[in-house]
Amino acid sequence: DRVDKWPCCSFLLGLNLTMPGMELRTLALSAIQQTDPDLKVGLVFDAWPLLPEQVIDPTRQFEAPQGVPGRPLRPRLISPAEVPQRSPYTPRGLAALMHAVCHIEFNAINLALDAVWRYAALPHEYYLDWWRVAAEEAGHFVMVRQHLRQMGFEYGDFDAHDGLWAMCEETAADVVARMALVPRTLEARGLDATPIIQAKLRKVSTPEANTAVEVL
């Protein structure tokens, strides 16, 4: 439902996703470079209904451009050790917790798009599956950011760290290392923390926030 109602960002960027030569891996590179979260999410959603017919060139080798991944000016990125610990039992602390989840989802969109454009010579299904992951993560990001806005905050209002993307950069040259260390290790550890976050949200009686985290 969120996908169907999202504005056509490919139109806003002058991209025709059905034209000959509009290839999925090229589109993934364009999407990951977007600094505006709305445009990034919108491009992912625009391609979603076209996935079965989308042209994919698995042979193309891209040179890594500057500005990958594209990010908004905020949040300010700091080291994990510098991120302050806040109690979820205060309004601002709860917002900081939801902001952290929102930032994780934004990073997950970029991670999935990077898996599409960066690695060549992989099966057709690999690229489709990772685009589907990008669309799911984009939906999660939209949901959590909407709840954050209802709390009176915006994505970028709190500092965040960049530990996950740092590992993406370290594994950029090896798809096997990327898959082993990022989705199967670091992201899996993040899933282990989800029940802890949900328990905290239940204690502070925020069913909307808990619902947003339940789908992650």
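Predicted, not measured: the structure shown is a model, and the values here were computed from it. (Residues numbered from 1 in each chain as written. Predicted model: local features only at pLDDT ≥ 70, side-chain atom pairs only at ≥ 80, totals over all residues. Heavy atoms only, no water.)

A. Here's a closer look at the overall build of the protein. Scanning the protein from N- to C-terminus turns up 9 helices and 2 strands. Along the protein, from the amino end to the carboxyl end, the secondary structure elements read α-α-α-α-β-α-α-β-α-α-α. Out of the 216 residues in the protein, the part that is buried amounts to 46%. Taking as baseline every contact in the protein between residues at least 6 positions apart, the subset at least 24 positions apart corresponds to 80%. (Helix = DSSP H or I, 4+ residues; strand = E, 2+ residues; numbered from the N terminus. Buried < 20%, exposed > 50% of the residue type's maximum accessible area, 1.4 Å probe, protein only. Contact = heavy atoms within 4.5 Å.)

B. How the structure looks around helix H5 (residues 91-118). Its 28 residues place the ends of H5 40 Å apart at the C-alpha level, agreeing with the 40 Å of an ideal helix rising 1.5 Å per residue. In terms of burial, H5 is a largely internal element, 24 of the 28 residues being buried. (Expected span 1.5 Å × (residues − 1).)

C. Structural context of the nonpolar core. In this structure, Val-44, Leu-113, Trp-130 and Trp-131 are the most contacted members of the largest nonpolar core, which totals 53 residues. A total of 15 residues in this core trace back to one element, the largest contributor, which is H5. Once residues within four sequence positions are removed from consideration, Val-44 is found in contact with Ile-109, Leu-113, Trp-131, Ala-134, Ala-135 and Ala-138. (Core = buried A, V, L, I, M, F, W, Y, C linked by side-chain atoms within 4.5 Å.)

D. Structural view of the packing of aromatic side chains. For the structure shown, the criterion picks out 6 aromatic pairs. An angle of 85 degrees between the planes, with centres 5.5 Å apart, marks the rings of Phe-141 and Tyr-155 as edge-to-face. Separated by 14 residues along the polypeptide, Phe-141 in helix H6 (residues 124-150) and Tyr-155 in the loop between H6 and strand S2 (160-161) bring together distant segments of the chain. For the residue pair Phe-141 and Tyr-155, the accessibility class agrees, reading buried in each case. Relative to Phe-158, the ring of Phe-153 has its centre 5.4 Å away and its plane inclined at 40 degrees; by these criteria the two rings are tilted. Just as Phe-153 is buried, Phe-158 falls in that class too. Pairwise contacts between aromatic rings join Phe-106, Phe-141 and Tyr-155 into one cluster. (Phe/Tyr/Trp six-rings, centres within 6.5 Å; stacked < 30°, edge-to-face > 60°.)

Bear in mind that shape data such as this cannot, by itself, settle questions of function.
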